[in-house]
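Okay, here's what each chain looks like letter by letter:
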Amino acid sequence: MVPGSVAKNDVFTVKAIIQHQMETGLRTDSTGKTIPRKIINQFVCRYGGLEVFRADLHEAVSANPFLEFNLRATENGRLEFSWREDGGATYSLFHDIVVT
Amino acid sequence: MSLTRRHMLTSTIGTVACAVALLTPKRARGADEVEDFLWRLTGRKATPSNRLRLVMPAEFPTGYTVPMSITVDSPMTEADHVKSVRVFAPKNPLVEVVQFHFVPGRSLSSVSTRVRLAAPQHVVALAEMSDGSLLMAKAWVAVATNGCL
């Protein structure tokens with residue numbers, strides 16, 4: 001969740017959530033076999049191509065990882081959010097921010 | 001009950017002894033534990049600081065999704081900013097929770113998320129500042145049901 005337009009140099013809030021099981025690798029199934037770890041291990045937010053916020057996530061982050069953080073509106077540009085899963089798959093989302 | 005000198009003396013000694021036994025060692029041990037933990041983990045000395053605030057509920061019904069907010073007082077300029085904040089849950093089977101990275105100018109030094117806690121414990125946050133100092137804050141969280149990790 002990102003506002004559509006922001007005044008220059010104002011601070012705006014970004015709320016990002018992804019649906020994900022966040023399997024910790026510490027659980028076992030009914031036969032006693034360990035369920036392999038599969039979590040979102042990194043979230044990156046880029047603004048106009050520059051990294052402005054990053055979170056390295058470990059097993060203890062809740063399922064459906066939620067992140068809320070604040071950025072300063074410096075210029076018109078694309079906000080890019082990407083989540084990286086164990087195994088290397090990434091999920092991305094774009095949002096163009098208009099600075100007035 | 002008559003208020004005699006003997007009564008006053010014994011009750012005072014009793015109260016003081018209780019206070020000493022209950023408060024001081026526990027409090028001292030609590031602080032030492034966290035500092036020892038960070039020392040073992042990072043090999044560096046962290047300073048408890050009010051500039052770093054770790055806000056979590058003191059009691060929460062479930063250990064699966066405990067809300068957590070972190071704020072660092074910082075101008076976030078090139079010369080003075082927060083580089084990163086790490087969070088640890090020492091009583092979890094895997095103590096590392098999350099690490100946030102900030103950049104000066106564009107990001108503000110605050111973030112919220114939700115975490116899992118395997119037991120009631122002190123959650124510890126450690127902020128690395130641009131001048132190389134380490135700030136530390138902790139929050140006691142009692143979870144009613146432990147989050148499975």
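As recorded in an unreviewed UniProt entry, chain B goes by Sulfur oxidation protein SoxY and comes from Sinorhizobium numidicum.

### Regarding the overall build of chain A
Along its length, chain A carries zero helices and seven strands. Secondary structure of chain A in N-to-C order comes out as β-β-β-β-β-β-β. For chain A, the spread of C-alpha atoms along the principal axes amounts to about 60 × 20 × 15 Å. Here chain A holds 100 residues, and 45% of them are scored as buried. Taking contacts inside chain A between residues at least 6 apart in sequence as the whole, the part at least 24 apart equals 58%. Split by element, the accessible area of chain A, about 5000 Å² in all, is 48% carbon and sulfur. Looking at chain A, you have 11 positive and 12 negative side-chain charges, and the mean spots of the two groups are 1 Å apart.

### Focus: the confidence of the model for chain B
Residue and element names in this part refer to chain B. In this model, chain B carries a mean pLDDT of 83, and residues with pLDDT of at least 70 account for 77%. In the predicted structure, residues 18-28 sits below a pLDDT of 50 and forms three contacts with residues beyond four places in sequence or in another chain. The complex model carries a pTM of 0.83, and its ipTM stands at 0.93.

### Points about the environment of Val-61 of chain A
As for its placement among the helices and strands, Val-61 of chain A is situated in the loop between strand E4 (50-57) and strand E5 (66-72). In sequence terms Val-61 of chain A and Asn-41 of chain A are 20 residues apart; their C-alpha atoms lie 9.4 Å from each other. Sequence-distant contacts of Val-61 of chain A, defined by excluding residues within four places in its chain, comprise Met-22 of chain A together with Val-97, Val-98, Thr-113, Arg-114, Val-115 and Arg-116 of chain B.

### Considerations on the sheet that holds E5 of chain A
Across the sheet, five strands lie side by side as E2(A)-E5(A)-E7(B)-E4(B)-E2(B); this open sheet has antiparallel pairing. The outermost strands of the open sheet, each flanked by one partner alone, are strand E2 (11-17) of chain A together with strand E2 (52-55) of chain B. Neighbour-to-neighbour, the strand axes of this sheet turn through a mean angle of 15 degrees, independent of strand direction.

### Some words on the interface of chain A and chain B
Contact with chain A, which involves 32 residues of that partner, is made by 27 residues of chain B. Buried surface at the junction of chain A and chain B, summed over both partners, amounts to about 2500 Å²; 54% is from carbon and sulfur atoms. On the chain A side of the interface with chain B, the three residues burying the most area are His-58, Ala-60 and Ser-62 of chain A, jointly 21% of the side's total. Run the count over chain A and chain B and you get one salt bridge. Taking the shortest distance from any N to any O, the salt bridge between Arg-106 of chain B and Glu-75 of chain A comes out at 3.2 Å. Across the chain A-chain B interface, the total number found is 19 residue pairs in polar contact (both at pLDDT 80 or more). Taken together, the elements giving at least two residues each to the side of chain A that touches chain B come down to E2, E4 and E5 of chain A. With eight residues, E4 of chain A is the largest single contributor of residues to the side of chain A that touches chain B. Pairing of E5 of chain A with strand E7 (residues 107-115) of chain B, which is carried by four bridges, proceeds in the antiparallel orientation. From the neighbouring strand, Leu-67 of chain A faces E7 of chain B, where its bridge partner is Thr-113 of chain B.

The rules we used
Residues numbered from 1 in each chain as written. Chains lettered and ligands numbered in written order. Predicted model: local features only at pLDDT ≥ 70, side-chain atom pairs only at ≥ 80, totals over all residues. Heavy atoms only, no water. Helix = DSSP H or I, 4+ residues; strand = E, 2+ residues; numbered from the N terminus. Buried < 20%, exposed > 50% of the residue type's maximum accessible area, 1.4 Å probe, protein only. Contact = heavy atoms within 4.5 Å. Areas by Shrake-Rupley, 256 points an atom, 1.4 Å probe, with all protein chains shown as cover. Lys, Arg positive; Asp, Glu negative; His and termini not counted. Charge placed at Lys NZ, Arg CZ, Asp CG, Glu CD. pLDDT = per-residue confidence, 0-100. Pairing = 2+ DSSP bridges. Axes fitted to C-alpha atoms, helices over the stretch in contact; angles between N-to-C directions. Buried area = accessible area lost by both parts, 1.4 Å probe. Salt bridge = Lys/Arg side-chain N within 4 Å of Asp/Glu carboxyl O. Polar contact = N/O pair within 3.5 Å; in protein donor to acceptor, adjacent residues only side chain to side chain.

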